[in-house]
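Here is how the chains run, residue by residue.
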Amino acid sequence: MNYYLGVDAGGSKTYALVTDENGIVVGKGRAGNGNHQTGYDQAKQNIAKAVAESLDQAGLEPHEIEFAVFGLAGADRETDFNILRPMISELGVPRHEVVCDTMIALRAGTSRPYGVVLICGSGTNSAGKNPQGEFYQCGGFSYLYGDFGGGGSLSVEAFRSVIRAWDGRERSTLLTGLLLSYLKYDSVSDMFNDYLDHNKMPPIDSAQLVFQAATQGDAVAQDILRHQGEELGKSARAVIQRLGMQKETFDVVLAGSIVTRGESKLIHTQIESAVQMVAPEANILKLSIEPVIGAVWMAMEASGHRVSQNAYDRLKSMKEFKAINLEKRV
């Protein structure tokens, strides 16, 4: 029996999953931040912890894994791979591959070996692979390098919209009451001065307030979400055009909490409009399973083992990592 390891390491969590060739889960592990760009030592420790937990539950040693795929946030440039490949090699899995986390999300979201993925969680990233196997990544390097969006940007947009409404530069917004309540301030003045005096930044999870306000009909919040959608649409269009996929039939996979949550219709509308303009045969869909499952499928394929229908169906049926029930090995 062959065993495969998939790892999904992002800015807030790291998942590791071990399955056999039939897609039966025999081990899982979980840890925190796995992005080396926000803390090398912490990422290394968390990736190792998640992998060790998954192997311990499976009753396997690293050398017993047939193949492993590590989908890592921050695996963007050769400079990153020069850091990450030695880190992952230390884990002792003989046959493995390190890829950007965009690729495991894409593989988890489509049945085709090519397509486009838009990730919008704490930050944003976009990438694609065409039928010829060519890869292109657009973004993923922060606002300074052209990006906009994700929880980090939306939390700032919510905060500054409240400030602008307070000082008279913007329309009034429901975000004011929501943000003051969330951050526990009595007035915008108190919040403004405290943040300015202590060089604070709004917490990333305050991005959820934009969705709450938009759902209640707030025009300011709705404009923020439309802008997010427009930016993601531009990224998708750039990837499609760079890879020459305008006439192809493929999936654009949406991954990350900002684009997979139920209240994200305003974002989706903008993405769909941008994609349809350049690739009318493309299909927009939300990622409905954990990207770590895509890493397992990629590990199977990289080893030369075709993903069986049973393995595909069994793993695709798992919607949430926390809901995985381990099955005893036969």
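Residues numbered from 1 in each chain as written. Predicted model: local features only at pLDDT ≥ 70, side-chain atom pairs only at ≥ 80, totals over all residues. Heavy atoms only, no water.

Novice: What exactly am I supposed to notice about the overall build of the protein here?
Specialist: Helix and strand content of the protein: 12 helices and 10 strands. Rg of the C-alpha trace for the protein: 21 Å, near the compact-globule value of 20 Å for 330 residues, within the 12% margin. When its C-alpha atoms are laid out on the principal axes, the protein stretches across 65 × 45 × 35 Å. Looking at the 330 residues of the protein, the share that counts as buried comes to 53%. Counting contacts in the protein only where the partners sit at least 6 residues apart, residues at least 24 apart contribute 68% of the total. (Helix = DSSP H or I, 4+ residues; strand = E, 2+ residues; numbered from the N terminus. Rg over C-alpha atoms; globule rule 2.2 N^0.38 Å. Buried < 20%, exposed > 50% of the residue type's maximum accessible area, 1.4 Å probe, protein only. Contact = heavy atoms within 4.5 Å.)

Novice: Mind showing me how you'd approach the packing of aromatic side chains here?
Specialist: Where two aromatic rings form a pair, the distance of their centres and the angle of their planes describe that pair. For the structure shown, the criterion picks out 4 aromatic pairs. Residues Phe159 and Tyr195 carry aromatic rings whose centres are separated by 4.8 Å and whose planes lie at 35° to one another, so their mutual orientation is tilted. One end of the pair, Phe159, is in helix H4 (residues 150-167); the other, Tyr195, is in helix H6 (residues 188-197), with 36 residues separating them in the sequence. Both residues of the pair, Phe159 and Tyr195, belong to the buried class. Site record: aromatic cluster; members linked through ring pairs are Phe159, Tyr185 and Tyr195. For Lys13, the ring lying beneath its charged end belongs to Tyr15, and the centroid distance is 4.6 Å. The ring of Phe211 carries Arg261 above its face, with NZ or CZ at 4.1 Å from the centroid. (Phe/Tyr/Trp six-rings, centres within 6.5 Å; stacked < 30°, edge-to-face > 60°. Lys NZ or Arg CZ within 6 Å of the ring centre and 35° of its normal.)

Novice: How should the sheet that holds strand S1 (residues 3-9) be read in this particular structure?
Specialist: Within a beta sheet, neighbouring strands are joined by backbone hydrogen bonds and run either parallel or antiparallel to one another. Overall, mixed pairing links the 5 strands, which are arranged S3-S2-S1-S4-S5 in an open sheet. The sheet is open, and its two borders are formed by strand S3 (25-31) and strand S5 (96-100), each paired with just one other strand. This sheet shows a mean twist of 10° between the axes of neighbouring strands, independent of strand direction. Running over the sheet, helix H3 (residues 101-109) touches S1, strand S4 (67-72) and S5 and is turned about 95° from S5. Along the sheet, helix H11 (residues 291-302) makes contact with S1, strand S2 (14-20), S4 and S5, crossing S1 at roughly 140°. (Pairing = 2+ DSSP bridges. Axes fitted to C-alpha atoms, helices over the stretch in contact; angles between N-to-C directions.)

Novice: What's the story with the pairing of S4 in this structure? I'm lost.
Specialist: Along any regular strand the residues' side chains alternate between the sheet's two faces. Counting buried positions along S4 yields 6 of 6 residues, so the element is predominantly enclosed. Neither face of S4 is exposed, since Phe67, Val69 and Gly71 on one face and Ala68, Phe70 and Leu72 on the opposite face are all buried. The sheet contact formed by S1 and S4 spans 6 bridges and is parallel. Across the sheet, Ala9 pairs through a bridge with Leu72, a residue of S4. With 5 bridges connecting them, S4 and S5 associate as parallel partners. Directly across from Phe70, in S5, lies its bridge partner Val98. As a crossover connection, the stretch from S4 through helix H2 (residues 78-89) into S5 is right-handed. (Right-handed = clockwise from strand over helix to strand, strands pointing away.)

Novice: Can you help me understand the state of the cysteines in this one?
Specialist: Note: disulfide means a covalent bond formed between the sulfur atoms of two cysteine side chains. Counted by the stated rule, this structure contains 0 disulfides. Not engaged in a disulfide, the cysteine Cys138 finds its nearest cysteine sulfur in Cys100; these two sulfurs lie 12 Å apart. (Disulfide = S-S within 2.5 Å.)

Novice: Even after reading the chapter, I still don't get the nonpolar core, so can you show me in this structure?
Specialist: Here is a general trend for soluble globular proteins: nonpolar side chains tend to be buried in one another's company. Counting residues in each nonpolar core, the largest one holds 48 residues, and the members touching the most others are Leu175, Met191, Phe250 and Val252. Looking at which element gives the most residues to this core, the answer is helix H8 (residues 219-242), with 8 residues. Apart from residues no more than four positions distant in its own chain, Phe250 is found in contact with Arg112, Tyr114, Gly115, Val116, Ile240, Met245, Ala279, Glu281, Ala282 and Asn283. In terms of nonpolar packing, the next biggest core, distinct from the first, is built from 33 residues, Phe67, Val292, Ala311 and Tyr312 among them. (Core = buried A, V, L, I, M, F, W, Y, C linked by side-chain atoms within 4.5 Å.)

Novice: What should I look at first to understand the packing of H4 against H6 in this one?
Specialist: What describes two packed helices is the angle between their axes and the distance between those same axes. Closest axis-to-axis distance for the H4/H6 pair is 11 Å, and the angle between their directions is 125°. With respect to each other, H4 and H6 are oriented oblique. As H4 runs across H6, the sense of the crossing is left-handed. Contacts from Phe159, Val162, Ile163 and Trp166 in H4 reach Val188, Ser189, Met191, Phe192 and Tyr195 in H6. Grouping the amino acids of the contact of H4 with H6 by side-chain chemistry returns 8 nonpolar, 1 polar and no charged. (Parallel < 35°, antiparallel > 145°, perpendicular 65-115°, else oblique. Left-handed = near helix turned anticlockwise from the far one by under 90°. Nonpolar A, V, L, I, M, F, W, Y, C, P; charged D, E, K, R; others polar.)

Novice: Could you clarify how one ought to interpret the sheet that holds strand S10 (residues 283-286) in this entry?
Specialist: Strand order in the open sheet formed by 5 strands is S8-S7-S6-S9-S10, with mixed pairing between adjacent strands. With partners counted over all chains shown, the strands left at the sheet margins are strand S8 (135-138) and S10, one partner each. Across the sheet, the axes of successive neighbouring strands diverge by a mean angle of 15°, strand direction being ignored. For strand S7 (residues 124-129) and S8, the ladder comprises 4 bridges, and the chain directions are antiparallel. Within S8, the position partnered with Gly128 by the bridge is Tyr136. Packed onto the sheet, H3 meets strand S6 (115-120), S7, S8, strand S9 (251-255) and S10 and runs at close to 115° relative to S6. Relative to S6, H8 is tilted by about 150°, and along the sheet it contacts S6, S7 and S8.

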